[in-house]
Amino acid sequence: MDSLVADLRYAFRQLRRSPTFTLAAVTCLALGIGANTAIFTVINAVLVRPLPYPEPDRVVMLFEAHKGSAASRNVVSPADFLDWRAQSRAFERTAAIYDYGVNLTGHGEPAEVTAELASADLFPLLGLTPVIGRTFSAEEDGPGGAQAVVLSHGLWQRRFGGARDVVGQVVRIDDQPYTVIGVLPDGAGLAGRPRMPDLWLPLALDPGQDYRATAGRYLTAVGRLKPGTSVAAAAADLRTVAARLEAAHPQFNGGWSANVVPLTEYVTGSVRRPLLVLAGVVGLVLLIACANVANLQLAQASARQREIAVRAALGAGRRRMMRQFVLESLLLSLTGGVAGVLLALWLTDALAASASTTIPRLGSVQVDVAALGFTLLLSLSAGLLFGMAPALQATRADLHEALKQGARGAAGGATRTRAVLVAGQVALALVLLVGAGLLLKSFARLQQVDLGFEPEHVVTARVTLPETRYGDSTRQAAFFQSLLARLDALPGVRVAGAINWLPLSGLRSATNFWFGGRPIPNDPDQPSAIISVVDPDYFRAMGITLRSGREIVRTDEAGHPKAVVVSERFARDYFPGQSPLGQQVFMPWGDTLVATIVGVVGDVKHAGVDSLARPTIYWAMAQFPWSGMTLVVRAEGDLRPVSAALPGAVHALDPELAVADVRPLESYLGDALARQRFSMTLLAGFAGLALVLTAVGLYGVIAYTVVQRTREFGIQLALGASQATVLRGVLRRGLALVGAGVVAGVIGAAAFSRVLGALLYEVSATDPGVFAGIVALLAVVGVAASYLPARRATRVDPAVALRAE
């Protein structure tokens, strides 16, 4: 123990004597350990940490699955949900929810909030206990039940100031009185939803109602497995029920089955691959950092060979000297780990702020005990990793040669080891740079995608009309027509339009349909399309191009023959090689709707920038009114005055209405690209860091080689060698190291790029342009990192070099 304490003291003194070396090593390690700690924290919070429910592995999502398509996670019809709940034997509880926007009035200004219609079983299923009050009873969740509301913790704080007497108060939701019965804890709700609800209302499904005749598929269903029931067994049980329903209701359930997905997979499935890729990336960055520190220590060990030889001559054993070097490495790594934790704290907050809306469960992530334990383990492992090579190399030195005054030969082994480390750094940097280059090119392609509309100079806002005052479809259409006329008159406004679900908003409606003059296909074989409700000026406001026929016009109003406009994809899919104009479309929403196709417009990227345009049918707002519409206002110049005037135009018609999501249309495009931007930015940042560390490592090796070969360069110059010859020789060595690393790196990059394949858009995983560009970049870095030491070699004074020897 005494000898260990003595070695620790000596290690401290040794590091204090070399402040430049210590600072450089700690900085490299802090960058690598900090990045790994931050990514570990994110992965632990998003992928590893259990969901905040009792026995979360028993909570599953229930979907309808269409046999004739890839739609294996389709929303559920109320009729099927009720039959699943009654007939399935695999679930302890099942619940259904449906989110929509409502107007909340009273206790402040009118506001649009997210309401979630929920089965009473949702709360015990998820183990949600109110902080005050209670949740719905079975009677409240039935037909004719009391109008009760449960508030979210956030709405309780914002709207009611956290008052404990909120239970029993009455609020008006869509102009209807509801009694507050409880408040849920902060963050409560079903994980994986686009946004957490502000309040919950009873879903109140009626088992006696024929939903198959009156409603489509729109519910999200969740279940809790009975103890001992596996996901596979539950899926088989639900598919058996679905098969019975298909046989009993072929018109509605024909071609439909069921699917069961663990809630954890539902929540994190889409982000698992990007996060694991980033984990691998920062692991490579740490390896590069460790290689740099190992190089620094090898240089230190070479400089200390005389000291090591003296200690060996005085009786110090090889094991004792190896322990000395490893202790110094561990001190460096632990110091780097402490600095890395500080970096991880900042980086974790930055990641949460930049990606909390695109990566689930990231909003509240923080460095915790698990992350600190990971950092400690990582620091110790890194210390051993980069400490062993210098320890082995230094203790293999020839005692007699090291004690000779002019000996240089002992450094040969260390130089070779350092060269191998630098070549490895080049290989790892190439892997990361190729990945970053592919993602960068993919992101550039995404930004160049033809969206089918022009998002610039457009401001949007959402207005939802309460059914109590606007239940009549004529009143709904009249309100929005009056509002759009007011918006058209605002200064700076070129044209104002409206649509029910805005492209890139993540919301849409869709249905099956059939054509007049053709046999009516069975339900699984019926074509489908997105249904959009628009006013006559919507296409001009969005910049959507008319391809043939006409757009929706003012005369397409109630009482006139129904007219629809379809997208190019619709025309290509269902009328290949011919015009769809004049064809009749039948849509089974409630009473069967019949309309004539009067025009074809360009395709629009509705679901996402990287998605295929889906067939779309545009209905005239006056003929198919919708209670909630998104306003689309194209303006000239600054959008802020128009944005500020929008609420006033709405309140001039109805002061009780809320105006929500007033923002530029371009912000939806930014949100749609947020996840790709997040992955690209992080990978590019880490690749850039790897490139800098590699350049520093290459420079260090070449500079050290120049110092070791000073006598050799002096003799060459004394014998008449030109400075250019010496310069080329040093540069050749640097490029040889880069070349060796490039060969290994290209092989690794080819494998790594295939892992990235699922994250790329219209870019090959082996894009030759990206590979060639990165190889060229590394060659330039190699020349730049070698040039300064090479210039120093050409300036060696032969007389001084020989005199020093």
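Residues numbered from 1 in each chain as written. Predicted model: local features only at pLDDT ≥ 70, side-chain atom pairs only at ≥ 80, totals over all residues. Heavy atoms only, no water.

S.K.: I'm lost on the overall build of the protein chain in this one. Help?
M.R.: The helix and strand tally for the protein chain stands at 25 helices and 22 strands. When the 805 residues of the protein chain are sorted by exposure, 52% land in the buried category. In the protein chain, once contacts between residues fewer than 6 apart in sequence are set aside, the share between residues at least 24 apart is 81%. For the protein chain, the computed accessible surface area is about 34,200 Å², with 58% contributed by carbon and sulfur atoms. (Helix = DSSP H or I, 4+ residues; strand = E, 2+ residues; numbered from the N terminus. Buried < 20%, exposed > 50% of the residue type's maximum accessible area, 1.4 Å probe, protein only. Contact = heavy atoms within 4.5 Å. Areas by Shrake-Rupley, 256 points an atom, 1.4 Å probe, with all protein chains shown as cover.)

S.K.: Explanation requested: the state of the cysteines in the structure shown.
M.R.: By definition, a disulfide links two cysteine residues through a covalent bond between their sulfur atoms. All told, the structure shown has 0 disulfides when counted by the stated rule. As a non-bridged cysteine, Cys-28 has Cys-290 as the owner of its nearest cysteine sulfur, 9.6 Å distant. On the basis of relative accessible area, Cys-290 is assigned to the buried category, the value being 4%. (Disulfide = S-S within 2.5 Å.)

S.K.: Even after reading the chapter, I still don't get a positive patch on the surface, so can you show me in this structure?
M.R.: Where like charges cluster on the molecular surface, the positive patch consists of Arg-9, Arg-13, Arg-16 and Arg-17. Arg-9 gets classed as exposed once you look at its relative accessible area, which sits at 55%. (Patch = residues over 30% accessible without salt bridge, like charges linked within 9 Å, V, L, I, M, F, W, Y side chains within 5 Å. Salt bridge = Lys/Arg side-chain N within 4 Å of Asp/Glu carboxyl O. Lys, Arg positive; Asp, Glu negative; His and termini not counted. Charge placed at Lys NZ, Arg CZ, Asp CG, Glu CD.)

S.K.: Would you take a moment to explain the packing of helix α3 (residues 78–87) against helix α7 (residues 231–248) for this structure?
M.R.: Each packed pair of helices is defined by two parameters, the angle between the axes and the distance between the axes. Put simply, α3 and α7 touch, their axes get as near as 10 Å, and they point 125 degrees apart. When the axis of α3 is compared with that of α7, the two are oblique. The handedness of the crossing between α3 and α7 comes out as right-handed. Between α3 and α7, the residues in contact are Asp-80, Asp-83, Trp-84 and Gln-87 and Leu-238, Val-241, Arg-244 and Leu-245, respectively. Looking at side-chain class alone, the contact of α3 with α7 contains 4 nonpolar, 1 polar and 3 charged residues. (Axes fitted to C-alpha atoms, helices over the stretch in contact; angles between N-to-C directions. Parallel < 35°, antiparallel > 145°, perpendicular 65-115°, else oblique. Left-handed = near helix turned anticlockwise from the far one by under 90°. Nonpolar A, V, L, I, M, F, W, Y, C, P; charged D, E, K, R; others polar.)

S.K.: What should I look at first to understand a nonpolar patch on the surface in this one?
M.R.: A cluster of nonpolar side chains, namely Leu-334, Leu-376 and Leu-380, defines an oily patch on the protein surface of about 230 Å² accessible area. Residue position: Leu-380 is located in helix α12 (residues 369–394). Classification of Leu-380 by relative accessible area gives partly exposed; the value is 33%.

S.K.: What's the story with unusual backbone geometry in this structure? I'm lost.
M.R.: With the exception of glycine, the majority of residues adopt a negative phi angle, and the majority of peptide bonds are in the trans configuration. Look at Ala-204: it is not a glycine, yet its phi comes out positive at around 55 degrees. Note on placement: Ala-204 falls in the loop between β8 (199–202) and α6 (211–214).

S.K.: Got a minute to help me understand the nonpolar core in this structure?
M.R.: As a rule of thumb, soluble globular proteins bury nonpolar side chains together. Judged by nonpolar contacts, the single largest core of 119 residues is most densely connected at Tyr-538, Phe-539 and Leu-778. If sequence neighbours within four positions are ignored, Tyr-538 has contacts with Gly-497, Ala-498, Ile-499, Pro-503, Ile-544, Tyr-618 and Val-632. If you look at the next biggest cluster of nonpolar residues, it comprises 47 residues, including Val-459, Phe-570, Met-587 and Val-650. (Core = buried A, V, L, I, M, F, W, Y, C linked by side-chain atoms within 4.5 Å.)

S.K.: What should I look at first to understand the pairing of strand β9 (residues 220–225) in this one?
M.R.: For a regular strand, side chains alternate in direction, first toward one face of the sheet and then toward the other. With 6 of its 6 residues buried, β9 lies for the most part within the structure. Both faces of β9 are covered, namely the face carrying Thr-220, Val-222 and Arg-224 and the face carrying Ala-221, Gly-223 and Leu-225. Relative to β9, strand β1 (residues 59–66) runs antiparallel, the two sharing 4 bridges. Paired with Val-59 across the bridge in β9 is Arg-224. Note that strand β2 (residues 91–105) and β9 share 6 bridges and pair antiparallel. Counterpart to Thr-94 in the pairing with β9 is Gly-223. (Pairing = 2+ DSSP bridges.)

These results come straight from atomic positions and should not be treated as a statement about function.
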